[in-house]
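# Results of the structural survey
So you can see what is in the structure, the chains are spelled out below.
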Amino acid sequence: MNTDDTIICDAIDAMRLLIVDYGGTRRLVQPHVYGDDTQGHRLLSAYQLDGGSSSGESRGWKSFRMDRVRAVAPTDERFHAPRPEFQRNDGAFARIIRQVGG
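This one's a predicted model, so the numbers in the text were calculated from it and none came from an experiment.

Let's shift gears to the overall build of the protein chain. Counting secondary structure elements, the protein chain contains one helix and six strands. Ordered by position from N to C terminus, the α and β elements of the protein chain give α-β-β-β-β-β-β. The C-alpha atoms of the protein chain give a radius of gyration of 12 Å, which matches the 13 Å a tight globule of 102 residues would have. The principal-axis extents of the C-alpha atoms in the protein chain amount to approximately 30 × 30 × 25 Å. Here the protein chain holds 102 residues, and 40% of them are scored as buried. The long-range share in the protein chain, meaning contacts at least 24 apart out of those at least 6 apart in sequence, stands at 55%. For the protein chain, the accessible area works out to roughly 5,700 Å², and carbon and sulfur atoms hold 45% of it.

Laid out in structure tokens, this is it:
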């Protein structure tokens, strides 16, 4: 695993917020699922709490293609449970590397 993989997997395991630099903006997110989509792109599915967005929505579910992420960094802040609407084993992923709750 590369450094970003380790940071993201550790954050999912510990339910720690991440700062993701994506689309020219910094975003604060709750990481929920990390893996590969059906086209082979590495994705992070996360709930965004704050920051910019090309859609104009600063909060909500986002999928981040890792080949477009400039940087990812852990924070000391935690979340205590998956989002209520979180769906385990998301069908958008062909292969799940890590997801909240195992």
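Taken as a whole and judged by the stated rule, the model has six salt bridges. R65 serves as the salt-bridge partner of D67, at 2.6 Å between the closest nitrogen and oxygen. Using a relative accessible area of 54% as the deciding quantity, one classes D67 as exposed. In this structure, a network of salt bridges that share partners links the residues D5, D36, R42 and R95.

The next subject is the environment of A73. With respect to the helices and strands, the residue A73 is situated in strand 5 (residues 69-78). Judged by its relative accessible area of 31%, A73 is partly exposed. With 20 residues separating them in the primary sequence, A73 and S53 have C-alpha atoms 18 Å apart. Not counting chain neighbours up to four residues away, the residues in contact with A73 comprise I7, L17, L18 and I19.

Locating S45 in the fold gives a position in strand 3 (residues 42-51). Given the relative accessible area of 9%, S45 is considered buried. In contact with S45, not counting residues within four places along its chain, are Q30, P31, H32, V33, W61, K62 and F93.

Attention now moves to the packing of aromatic side chains. A complete count under the given rule lists two aromatic pairs for this structure. Ring plane angle 85° and centroid distance 5.0 Å describe the contact between Y22 and F64, whose orientation is recorded as edge-to-face. Taken together, the residues span a long stretch of sequence, with Y22 in strand 1 (residues 16-22) and F64 in strand 4 (residues 60-65) at a distance of 42 residues. Residue class for F64 comes out buried when judged on its relative accessible area of 1%. With a centroid separation of 5.6 Å and an interplanar angle of 80°, the aromatic rings of Y47 and W61 are classed as edge-to-face. Within this pair, whereas Y47 is found in strand 3, its partner W61 is found in strand 4, the two being separated by 14 residues in sequence. Given a relative accessible area of 11%, Y47 falls into the buried group. Judged by its relative accessible area of 34%, W61 falls in the partly exposed class. If you follow R83 out to its NZ or CZ, it ends over the ring of Y47, 3.6 Å from the centre.

Conventions adopted
Residues numbered from 1 in each chain as written. Predicted model: local features only at pLDDT ≥ 70, side-chain atom pairs only at ≥ 80, totals over all residues. Heavy atoms only, no water. Helix = DSSP H or I, 4+ residues; strand = E, 2+ residues; numbered from the N terminus. Rg over C-alpha atoms; globule rule 2.2 N^0.38 Å. Buried < 20%, exposed > 50% of the residue type's maximum accessible area, 1.4 Å probe, protein only. Contact = heavy atoms within 4.5 Å. Areas by Shrake-Rupley, 256 points an atom, 1.4 Å probe, with all protein chains shown as cover. Salt bridge = Lys/Arg side-chain N within 4 Å of Asp/Glu carboxyl O. Phe/Tyr/Trp six-rings, centres within 6.5 Å; stacked < 30°, edge-to-face > 60°. Lys NZ or Arg CZ within 6 Å of the ring centre and 35° of its normal.

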